[in-house]
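# Examination of the molecular architecture
This is what each chain is made of:
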Amino acid sequence: MAWEYSEKLKDHFRNPRNVLLGDESKFEYDGVGEVGNEQCGDIMKIWVVIREGRISDCKWKTYGCASAIGSTSVLSEMVIGKTIEEALAVTPSDIQRELDGLPGAKIHCSVLGDKALRSAIYDYFRKTGQIDRIPAEGEIVCECLRVTKSEIEQCVHDGLYSFEAIQKRTKAGTACGGCKEAVTALIARAKERGGHS
Amino acid sequence: MRVYLDNNATTPLAGEVQEAIKEALGSFGNPSSSHEYGRQARELVEEARGKVAALINVDPSELIFTSGGSESNNVVIKGTICRSGSCVFAKKQGRAHIITSKVEHPCVLESCRCMEHEGAQVTYLPVDEYGRVSPDDLKDAIKDNTKLVSIMLANNEVGTIQPVKELTALTRERKVLFHTDAVQAVGKVPVDPYELGVDFLTISGHKLNAPKGIGALWFRNKVHVCPLIIGGHQEWGRRAGTENTLGIIAFGAAAELALKTMKEEAVRLSRMRDRLEKTIIERIPDVKINGHPEARLPNTLNVSFKYVEGESILYMLDFEGIAVSTGSACSSGSLEPSHVLLAMGLDHGLAHGSVRFSLGRFTTDEEIDYVLDKLEEVIARLRAMSPLCPQN
């Protein structure tokens, strides 16, 4: 396969920043989140340290391909120093932009990174009694990319009726593909309920 | 240092092959022409055919040149199950049945699927943990309408050699045709289709130090196959189109070289491969060797590294100048990891973490040492950042 990766991604893959090396249990953090599974081939785990409403440190570990590792590395650099609100506003597109683009088949790596960070921040909210700041996630349809039922329903509401169109937006089913049936069934049900043709 | 350990993907042109091409550059004649130009080209083509035939110990009149292994495999599967009115097989029975295995090359699997769309039935035989098809499974799968069995001789990903001789003993008594895709075996181990008892055998040039775009198909003269490419009398009407003379000449030179050096090369390669395998096991914990311990190509080593993903290993090694391949889904562009490793019963994690080292004619001991050092570093680095790897 030809190099489809940008120089920036290659650099982050070769020289990853902020990896949590050594004994995990010795690292003091305020929130931790993990997404993905071994079957999909990607697992990302992110630890955040929060001081006065800002992310003062962000460490990570990733099992996955070069773009998964590069995405987590660049994300950790992007969010250190940001306020929680600013960090939560980071989107997969921001990660892609920061990496000077990702190959089409690897977009899900940036989606995973984003979800792992969110999950770590929500863990901090949970631990500090700020449950009200965690948005209701809802039932997860695509385990690999943590795409929820309500996200799929929103897509149908917006007029996306095919699995492919919804996959394009949410990246559901782009890792192991095991949720295709469930997503297709959800589309059918949401269409019925929505009364669209 | 640059080290190429992806010889099952393709091989460099041997010096002898390059010389043969250079010498033939001026022989531009069409081998079908009757004049001196044509006769000269024909002579070179037939000389090369003789050399390729000698490599597998067959009569040159039973060997046709094709564009490569994929074409040879396509023509056998599509050509024997042809449903056109003129095809003797189509007339003999209604719905044809094909038996193949789950670990074949995609060009065999997809051709079989294509024939399923055309109405044929296909059985995909399972394999054991080493990637071998069981003769009992084949015996049970043969039906009255079974026309063709296609089982590879050696697997490209793990190197496992199938018990083809045992399998053909079963098809012969049921008068079922047997095809073997031998692209990975020919040139690495002795291959003789008569000895194996097969009816068709596929060979590829670029797997044995010849260029891409040239291959061959051997089949018994009396067997009928509908050609894929028609509209010319070339290759005795079995494959139309003006011969790829330069490719054929190069293929001949490569076959001659392979025949001459196969015995010593097999010893040299298996010694280096075994050392690579043994040292990886000694130096790197949590690895799994994939493939049959004995019935395996001398040049192939497939290893799964737990807790890490193959594409990242591949690129980290690539940065160090080392070329390997992986069964990880991430590098194939598909969602699933290697169909071969999954068929062998590996879980997704081990399949994603698999790396194939395939040695070749130009591999040296120094290169193996370099790979061992770099590999140990790369696996340690990737494991240090893997959330799956247990803490030290």
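Residues numbered from 1 in each chain as written. Chains lettered and ligands numbered in written order. Predicted model: local features only at pLDDT ≥ 70, side-chain atom pairs only at ≥ 80, totals over all residues. Heavy atoms only, no water.

Taken as a whole and assessed by the stated rule, the structure comprises 42 salt bridges over all chains. Among the ionic pairs, Lys61 of chain A bridges to Glu24 of chain A, the shortest N-O distance being 3.2 Å. Of the two residues, Lys61 of chain A sits in strand S3 (residues 54-63) while Glu24 of chain A sits in the loop between helix H1 (7-14) and strand S1 (31-37), which places them 37 residues apart along the sequence. Take Lys61 of chain A and Glu24 of chain A: they sit in the same class, and that class is buried. Taking the shortest distance from any N to any O, the salt bridge between Glu195 of chain B and Lys165 of chain B comes out at 3.2 Å. One end of the pair, Glu195 of chain B, is in helix H8 (residues 193-196); the other, Lys165 of chain B, is in helix H7 (residues 164-173), and 30 residues separate them in sequence. (Salt bridge = Lys/Arg side-chain N within 4 Å of Asp/Glu carboxyl O. Helix = DSSP H or I, 4+ residues; strand = E, 2+ residues; numbered from the N terminus. Buried < 20%, exposed > 50% of the residue type's maximum accessible area, 1.4 Å probe, protein only.)

Another aspect to go through is empty space enclosed by the protein. Counted according to the given criterion, the structure contains five cavities of 30 Å³ or more. A volume near 180 Å³ is recorded for the largest cavity. Taken together, the residues of the lining of the largest cavity break down into seven nonpolar, seven polar and four charged. (1 Å grid on protein atoms, 1.4 Å probe; cavity = no way out; pocket = protein on both sides within 12 Å on 5 of 7 lines; lining within 4 Å. Points joined across faces, edges and corners; volume = space filled by probe spheres on them. Nonpolar A, V, L, I, M, F, W, Y, C, P; charged D, E, K, R; others polar.)

Residue and element names in this part refer to chain B. In terms of residue burial, strand S8 (residues 215-219) counts as a mostly covered element, since five of its five residues are buried. Both faces of S8 are covered, namely the face carrying Gly215, Leu217 and Phe219 and the face carrying Ala216 and Trp218. Bridging between strand S2 (residues 63-66) and S8 involves four bridges; their strand directions are antiparallel. When the sheet's bridge partners are listed, Phe65 is paired in S8 with Ala216. In this sheet, S8 lies alongside strand S7 (residues 200-204) in antiparallel orientation, the contact comprising five bridges. Looking at the pairing, Ile203 lines up with Ala216 of S8. (Pairing = 2+ DSSP bridges.)

Right, let's talk about helix H9 (residues 245-283) of chain B for a bit. Given 3.6 residues per turn, any residue in an α-helix points the same way as the ones three and four places further on. Look at H9 of chain B: only 49 Å from first C-alpha to last across 39 residues, short of the 57 Å you get at 1.5 Å a residue. Where H9 of chain B bends most, the angle comes to about 65°, and this point is Met262 of chain B. (Expected span 1.5 Å × (residues − 1). Bend = angle between axes of the 7 residues up to and from the residue.)

The subject of this paragraph is the sheet that holds S1 of chain A. Residues and elements named next belong to chain A. With respect to topology, three strands assemble into an open sheet ordered S1-S2-S3, the strand pairing being antiparallel. Bordering the open sheet on either side are S1 and S3, each of which pairs with just one other strand. Strand-to-strand, the axes of this sheet are offset by a mean angle of 15°, without reference to chain direction. Of the strand pairs in this sheet, strand S2 (residues 42-51) and S3 are connected by nine bridges, and their pairing is antiparallel. Opposite Ile43, over in S3, you have Tyr63 as the bridge partner. Sitting on the sheet, helix H2 (residues 66-79) touches S2 and S3, and the angle it makes with S3 is about 175°. (Axes fitted to C-alpha atoms, helices over the stretch in contact; angles between N-to-C directions. Contact = heavy atoms within 4.5 Å.)

Okay, the interface of chain B and chain A next. Listed as interface residues are 24 residues of chain B and, on the opposing side, 35 residues of chain A. Regarding the contact of chain B and chain A, the summed buried area is about 2500 Å², with carbon and sulfur atoms giving 61% of it. Among the residues chain B hides against chain A, the three largest losses belong to Tyr315, Phe319 and Met385 of chain B. Together they make up 26% of the total. Taken together, chain B and chain A are joined by one salt bridge. For Glu311 of chain B, the salt bridge identified is with Lys106 of chain A, shortest N-O distance 2.8 Å. Here chain B is connected to chain A by eight residue pairs in polar contact (both at pLDDT 80 or more). Of all elements in the fold, only helix H10 (310-319), helix H11 (329-332), helix H13 (348-352) and helix H14 (365-384) of chain B reach the threshold of two or more residues within the side of chain B that touches chain A. If one sorts the elements of the side of chain B that touches chain A by residue count, H10 of chain B sits on top with six residues. Here the side of chain B that touches chain A is composed, by residue class, of 12 nonpolar, seven polar and five charged. (Buried area = accessible area lost by both parts, 1.4 Å probe. Polar contact = N/O pair within 3.5 Å; in protein donor to acceptor, adjacent residues only side chain to side chain.)

Let us look at helix H1 (residues 15-24) of chain B. Residues and elements named next belong to chain B. When we look at burial in H1, the residues that qualify are Val17, Ala20, Ile21 and Ala24. Relative to the axis of H1, the buried residues are bounded by an arc of 100° and lie together on one face. With respect to the buried face of H1, the exposed residues turned more than 90 degrees away are Lys22 and Glu23. Taken together, the buried residues of H1 touch H9. (Arc of directions from axis to C-beta.)

For soluble globular proteins, the rule of thumb is that nonpolar side chains tend to be buried together. Residue and element names in this part refer to chain B. Within the largest apolar cluster, 88 residues are counted, with the highest numbers of intra-cluster contacts made by Ile280, Phe305, Ile313 and Phe357. Leave out the neighbours within four places in its chain, and Ile280 touches Val287, Leu301, Val303, Phe305, Phe357, Leu372 and Leu375. Grouped together as the second largest cluster of nonpolar side chains are 64 residues, Val45, Ala185, Ala254 and Leu297 included. (Core = buried A, V, L, I, M, F, W, Y, C linked by side-chain atoms within 4.5 Å.)

Our focus in this paragraph is the packing of aromatic side chains. Tallied over the full model, the rule gives eight aromatic pairs over all chains. Measuring from centroid to centroid gives 5.3 Å for Phe28 of chain B and Tyr37 of chain B, while their planes differ by 45°, and the two rings are tilted. For Tyr37 of chain B, a relative accessible area of 47% puts it in the partly exposed group. Linked through ring pairs, Tyr122, Tyr124 and Phe125 of chain A together constitute an aromatic cluster. The ring of Phe319 of chain B carries Arg14 of chain A above its face, with NZ or CZ at 4.2 Å from the centroid. (Phe/Tyr/Trp six-rings, centres within 6.5 Å; stacked < 30°, edge-to-face > 60°. Lys NZ or Arg CZ within 6 Å of the ring centre and 35° of its normal.)

Purely geometric stuff here, so don't read any function into it on its own.
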